[in-house]
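Close look at the chain arrangement
Listed below are the residues making up each chain.
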Amino acid sequence: MSDTVKLSAQIAAVLVACIVVAVMPLYADLFQLMQFTLFASMAVLALSLGFIWGFGGILCFGQTAFFGLGAYAYAVAAINYGDSTPAILCAVIVPALFALALGYFVFYGRISDVYLGVITLTVTLILFNVFNSTAGDEYTIGTARLGGFNGMPAVPTFNMPFDPTAILYPEDSWYVTGGALIAIYVGLRLLLRSRFGRVAIAVRENETRAALLGYDPRVVKLWVFVLGGAIAGMGGALYVNWGAFVGPTIFALSLSAEIIIWICIGGLGTLIGPIVGCFLIQYLVSQIGSQQSFNSNLVLGAILIVFVLLLPQGLVPTLRNLVAAGWYRVSERRRETGHGQSRQMTAGQPVGAE
Amino acid sequence: MDLAAIVALNVVNGAASLFLLCLGLAIIFGMMRIINLAHGEFVMLGAYAAVIAANAGINIWISMLVVAPLVVGLFGLVVERCLVRFLYGRLVDSMLATWGLSLLIIGLTTTIFGNTMQGVPTPLGGFAIGNYRTSWYTLFLLAVALGMMAIVYAVLRYTRFGLIARAVMQNPDMAAVLGVNPAHIYMATFSLGAAVTGLAGGVLAPVSGITPVMGSAYVAKAFITVVGGGAAIISGTLSASGLFGFINQLGAYFTTPVYGEVILFLSAIVLIRILPQGISGRFFKGTV
Amino acid sequence: MPISRRKFIKTSLSATAALASPAISTRYAFGSDDPIKVGSLLDQSGAIASSGVTMVTAMEQGVAEINEAGGLLGRPLQLIQYDTQSNIQLYSQYAQQLALKDRVDVVHGGITSASREAIRPTFDRFQVLYFYNVLYEGGVCDRNTFCTGTTPAQTVEKLVPYAMKNSGKKAYILAADYNYGQITAKWMTKYMQDNGGEVLSVDFFPLDVTNFGPTISKIQAAKPDLILSALVGGNHVSFYRQWESAGMKGQIPIASTTFGLVNEPSTVDASVSADIYGCYGYYEELDTPESQAFVQKLKKRWPDIPYISELTAANYEGLFLWAEGVKKAGSLDRMAVIEALESGITYKGPSGDVTLDGVTHHTTRNAYLAQVKDRKWNVLETFKAVQPSDTAMVCNLKDNPRDNQQYVIDIDS
């Protein structure tokens, strides 16, 4: 497919997504709307890992660290200020700073591959342990009690900017969450088309080559990582807005693994894939719990195994390849009938930059 | 004096349990670069196999040392043939598939055996060091760890299988050119790793709570230890589990178990930052 | 479905100011033949399933019994239950589903305190009556919520002096490192001191700790007369086994507020569990007619059912307390039922008379002190009608009906 076709497809997809977000409240009932709000907030998290892993080549097993820090930062700030506006800012800044510190520590130590994964996983486990042991009144930030394993219930949800009395209704929350998801998607797309984005992909493809061309892979990876942390933190704030609750299980290993599963199922190296995978798996997990005949773990486990064996590339790349194959056939036929126009070569295109 | 002795024993025991738990994962991860997220469930299966065998009237020692590794080794063989062999060289897919596998095993075990399980009594009694009492079983665990280390070392270092296995791990294509079928070696190695893990589960069964989800307590720690240890299976795992076990137990004794865990994790991060290739990548290059 | 999403009741905003979310009414008129919907949220898979599975049987049994007896207000009950898979996020999700989609009239559920705190605000916000039927650390004060399990003042208060009387004045406390363990450890310390005892050390353990070797050495170094345990979950069972294998069994007695809740006496060897003291609101071994009938009914319907503990009995009694409230109110209107329940409903269940305390929304119920003998609980002493005095120290819903939080009770004062 040519670059123009891809671009117009992406623009069309964004437009469709905007329309879907806008008209959803007219068709979905309140419960469905809230469920989609949850899925969309989780999709922001999926997008953050999909970006740093698929385009920065950073395999982070502990993306929930930033998600959870964002959620806790939001909750603490919202309780203290009584206004969600500075709280959302905190939810982005705190994880971003944390990612900056952690990223400096690992990338400047030239740690990569699975070792990076282990470090991030370990950081998540530490955060889980630390937040878990914060029961009791001595662990209070301002007026916000961290609450240990029980977490922080009844966190104030989003309000209109700088107006704490105008609390958002579920529709508004949906617009905010769905809108944030689309905005982040578009932002990342634009970033990837920019110079920085192309350098990031070059670093992912071959660090040494990028370094020889005069780019510092450490800096590039660090900024990708920080951006991923900030996005995950935003996801955390959106998540708290949905449930009005945050607890240490947000750092649990199972959620970290689940994000990786979303991305594998949706397709690594795409931005739409993680979102699709997230919606799909979240929906599936909630459906499994509604049935009483089989153990939920059993069903989910079997589905994952079947998936990895039958669709190893993930949904989005598989579909794209099907479409591409169809496109190829069409253009071949066109050439055969003598209408000229050779097939566009994709060689100049960085792999995975679509 | 007796206090020092008992603390030392605890530290050694902590390291030995960790080593036992990690060895199977180290074999599978170190030699095939497969991240087996179902590792904890292999431990659980080993414990279940031992307990069920013992409750069925089989001698407790045979249940732990023979039945458990055999059952889990066979299970590993089946898993390798049906699932893992499609995933070599696909690190992430292997994680996804083994995560699914772990959920599947938990679900199956729960469906078959329920959520709780009647355990077996701990064999051997206790003994006293000065004013302190501890169990002979602690020493037994230590002995099993040492024995496993010796056996795995001997197999990898001195047998024909070990030589071929190491060759395949280093360069499968070259090994194939020389007439070895790498697929068979992978199968055998995966099964061996599973059997070692099953043995660990078997010997830990008498001192653990037996539930279908018991494996999740082990997987993260084992994974961190194996990566911290680096590529060499024995020397890497031994040095890393020794170090982490030491830090964890000492931290737990002098502060609280919570800080014991946190200190363990922090030291793992620092270790990997200083030695990105793991301990063995720096100090024991070229060992097994 | 064109439901009342657009009919926000702005005036109720101030009533739920603590929650800072718009209250949304989801009630609408039922036909007289429509079933009454009872929601249930319990973990049937994952780490907490061992507690949840038997609680589910109690709920199913209770609903079946009420239906056999002709239902409530002439309408049958319909049980809508979801498997929360030991996942807090799913608790929130299914809570919304029960409140908004299924529009149930009451929800019984939640096992860990974390799960309760995650869903309690949801039921406040959507105005669905909520019952939490599990023993916990106490302190929840919320007019929409009824907590029917025991709290530390009902059990720990009896357990500690009894165990002290049979051992000595120096105790070593082991507890799970989360809210339940930490708060229970405080209560243990208080009751030790009230009875002239001394606490040598309090150790907390993350839920995934399996190696208790260093702890056992520390205990031996401290030489206590008594061990008080609030260890939780399958991994912590390792402690009792390692304790026995170190040959410490019989040397220092153990009293626990958690051992035996999920089948521990029958899963570990008889020598491991022997002589451990416990104090709960219910045991399968209770020989009252109500208890025996309850056990037989469950065992007949589910022959493989594991041990029936306070969790199961309290869940069953919680359902019947709610049913009594509905009968007394003569309607399903939430406020009418709450007021009926607050008037002091009593239900004679498997554990004896259970009375709802209108001021705290907790229960006055019997507590039983028992000791494990040969894998069975041997009930030694019965305490009739014990008040939830811990929560009563901080919570008065009669004077402050709009109170809505979980207090951490300041035990030292």
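Source: prediction; values computed, not measured.

So, on to the interface of chain C and chain B. If you look at the interface, chain C gives 42 residues, while chain B gives 43 residues. Of all the secondary structure elements, the ones that give two or more residues to the side of chain C that touches chain B are α1 (49-68), β8 (198-205), α6 (213-222), α7 (237-245) and α8 (264-267) of chain C. When the residues that make up the side of chain C that touches chain B are grouped by side-chain class, the tally is 15 nonpolar, 19 polar and 8 charged.

Right, let's talk about the pairing of strand β4 (residues 129-132) of chain C for a bit. All names here are of chain C. Residue alternation in β4 divides its side chains into two sets, L129 and F131 and Y130 and Y132, and both sets are buried. Examined bridge by bridge, strand β3 (residues 106-109) and β4 share 3 bridges and lie parallel to one another. Note on β4: the bridge partner recorded for V106 is L129. Once the chain exits β3 it traverses helix α3 (residues 113-125) before rejoining the sheet at β4, and the crossover so formed is right-handed. Bridge count for β4 against strand β6 (residues 145-147) is 3 bridges, and the pairing is parallel. The partner of Y130 across the bridge, within β6, is T145.

Bringing the UniProt feature "domain: Leucine-binding protein" (unreviewed entry) in chain C into the picture now. Following the UniProt record, one finds the feature "domain: Leucine-binding protein" (unreviewed entry) at residues 35-374 of chain C. Helix makes up 43% of residues 35-374 of chain C and strand 23%, and the two end C-alpha atoms of the span are 46 Å apart.

A few words on the interface of chain C and chain A. Counting residues at the interface gives 36 residues for chain C and 34 residues for chain A. Only β2 (77-83), α2 (88-102), α3 and α5 (179-194) of chain C provide two or more residues apiece to the side of chain C that touches chain A. Of the residues forming the side of chain C that touches chain A, the biggest block, 9 residues, is contributed by α2 of chain C. Across the side of chain C that touches chain A, the residue classes tally to 18 nonpolar, 12 polar and 6 charged.

Moving on, we come to the environment of T151 of chain C. Residues and elements named next belong to chain C. Relative to the helices and strands, T151 resides in the loop between β6 and α4 (152-165). Assessed through the 30 C-beta atoms surrounding it within 10 Å, T151 is described here as buried. Put simply, T151 and G139 are 12 residues apart on the chain and 8.7 Å apart in space, counted from C-alpha to C-alpha. T151 has contacts with Y136, G138, H362, P388, D390 and T391, leaving out every residue within four places of it along the chain.

A word on the pairing of strand β14 (residues 362-373) of chain C. Residue and element names in this part refer to chain C. The buried fraction of β14 amounts to 10 of the 12 residues, a majority that puts the element mostly inside the structure. As paired elements, strand β11 (residues 277-280) and β14 share 4 bridges and run antiparallel to each other. Along β14, the bridge assignment pairs Y277 with Q371. In the sheet, strand β13 (residues 352-357) pairs with β14 via 3 bridges, with the strands oriented antiparallel. For D357, the partnering residue across the bridge sits in β14 and is H362. Note: β14 against strand β15 (residues 376-386), 8 bridges, orientation antiparallel.

Rules of the game
- Residues numbered from 1 in each chain as written.
- Chains lettered and ligands numbered in written order.
- Predicted model: local features only at pLDDT ≥ 70, side-chain atom pairs only at ≥ 80, totals over all residues.
- Contact = placed C-beta atoms within 7 Å.
- Helix = DSSP H or I, 4+ residues; strand = E, 2+ residues; numbered from the N terminus.
- Nonpolar A, V, L, I, M, F, W, Y, C, P; charged D, E, K, R; others polar.
- Buried ≥ 20, exposed ≤ 12 C-beta atoms within 10 Å, placed from the backbone.
- Pairing = 2+ DSSP bridges.
- Right-handed = clockwise from strand over helix to strand, strands pointing away.
- UniProt positions renumbered as here; feature names shortened; annotations may be inferred.

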